[in-house]
Amino acid sequence: MHCAPLEHLMDPATWLNNHLRINNPTPMDHLFSWKHPKGIRPLMKPEVTKCIHKIVTQYDLPNIKGHSLRIGGTLHYLLLGTPFDIVKTMGHWSGDSFTHYLCKHTIILVPYLHERPDLVNKLVQLALPPVR
């Protein structure tokens, strides 16, 4: 797991500490165990998906799936300036499949890349096929 403190609302360290305070898992529990009415349980994908669906429905947001979260994490670290090869390793991406998703997320990337020309060059090298 990779969790670095950030200085804004989505600081993962703040939310991890909040989770630990609310759910109070023991050293023998999974890190992301949560209080279920029938006892402490490890957090599983169906519960995360159910929670996300509830939030997007409540606020009339577009529904996102697990893979969107994965590419979102990839974009997050890339926009922080983490090298592509490190992000690829962190996300357990096999091959260069994540470059396909980066190409599809151009609209999301443009405002961020405008301020980071150093990242534009790296993205172009990864996303575009080599000249023959």
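None of these values were measured; they are calculated from a predicted model.

**What about the overall build of the chain?**
- Looking only at helices and strands, one finds 7 helices and 2 strands in the chain.
- Sequence-ordered secondary structure for the chain, helices as α and strands as β, is α-β-β-α-α-α-α-α-α.
- Per-residue burial for the chain yields a buried fraction of 21% across its 132 residues.
- Within the chain, contacts between residues separated by at least 24 positions form 34% of all contacts whose residues are at least 6 apart in sequence.
- For the chain, the computed accessible surface area is about 10200 Å², with 64% contributed by carbon and sulfur atoms.

**Side note on the pattern of salt bridges**
- Applying the stated criterion across every chain yields a total of 1 salt bridge.
- Close ionic contact of Glu47 with Lys50 constitutes a salt bridge, the shortest N to O distance being 3.1 Å. Within this pair, Glu47 and its partner Lys50 are both found in helix α2 (residues 45-58), separated by 3 residues, close to a single helical turn.
- Residue class for Lys50 comes out exposed when judged on its relative accessible area of 52%.

**What to know about a nonpolar patch on the surface**
- Among the surface-exposed residues, Leu20, Leu31, Phe32, Leu43 and Val48 lie close enough to one another that they form a single nonpolar patch of about 360 Å² accessible area.
- Along the chain, Leu20 falls in helix α1 (residues 12-23).
- The class of Leu20 is partly exposed, set by a relative accessible area of 31%.

**Details of the side chain of Thr82**
- Here Thr82 shows up in the loop between α3 (66-79) and α4 (84-90).
- Here Thr82 is in contact with Tyr77, Val87 and Met90, once residues within four sequence places are set aside.

**Focus on the side chain of Asn23**
- Position of Asn23 relative to the elements: it lies in helix α1.
- Within the structure, Asn23 has its side chain in polar contact with the backbone nitrogen of Lys35 (distance 3.2 Å).
- Discounting residues that sit within four places of it in the chain, Asn23 has contacts with Ser33, Trp34, Lys35 and Ile40.

**Considerations on the nonpolar core**
- Judged by nonpolar contacts, Tyr77, Leu78, Phe84, Val87 and Met90 together constitute the single largest core of 5 residues.
- When residues of this core are traced back to their parent elements, those giving at least two are α3 and α4.
- Element by element, the count of residues in this core is highest for α4, at 3 residues.

**A short note on the pairing of strand β2 (residues 39-42)**
- Here strand β1 (residues 33-36) pairs with β2 via 4 bridges, running antiparallel. Residue pairing across strands places Lys35 opposite Ile40, the latter belonging to β2.
- Count of turn residues in the β1/β2 antiparallel hairpin: 2 residues.

What counts and what doesn't
- Residues numbered from 1 in each chain as written.
- Predicted model: local features only at pLDDT ≥ 70, side-chain atom pairs only at ≥ 80, totals over all residues.
- Heavy atoms only, no water.
- Helix = DSSP H or I, 4+ residues; strand = E, 2+ residues; numbered from the N terminus.
- Buried < 20%, exposed > 50% of the residue type's maximum accessible area, 1.4 Å probe, protein only.
- Contact = heavy atoms within 4.5 Å.
- Areas by Shrake-Rupley, 256 points an atom, 1.4 Å probe, with all protein chains shown as cover.
- Salt bridge = Lys/Arg side-chain N within 4 Å of Asp/Glu carboxyl O.
- Patch = residues over 30% accessible without salt bridge, like charges linked within 9 Å, V, L, I, M, F, W, Y side chains within 5 Å.
- Polar contact = N/O pair within 3.5 Å; in protein donor to acceptor, adjacent residues only side chain to side chain.
- Core = buried A, V, L, I, M, F, W, Y, C linked by side-chain atoms within 4.5 Å.
- Pairing = 2+ DSSP bridges.

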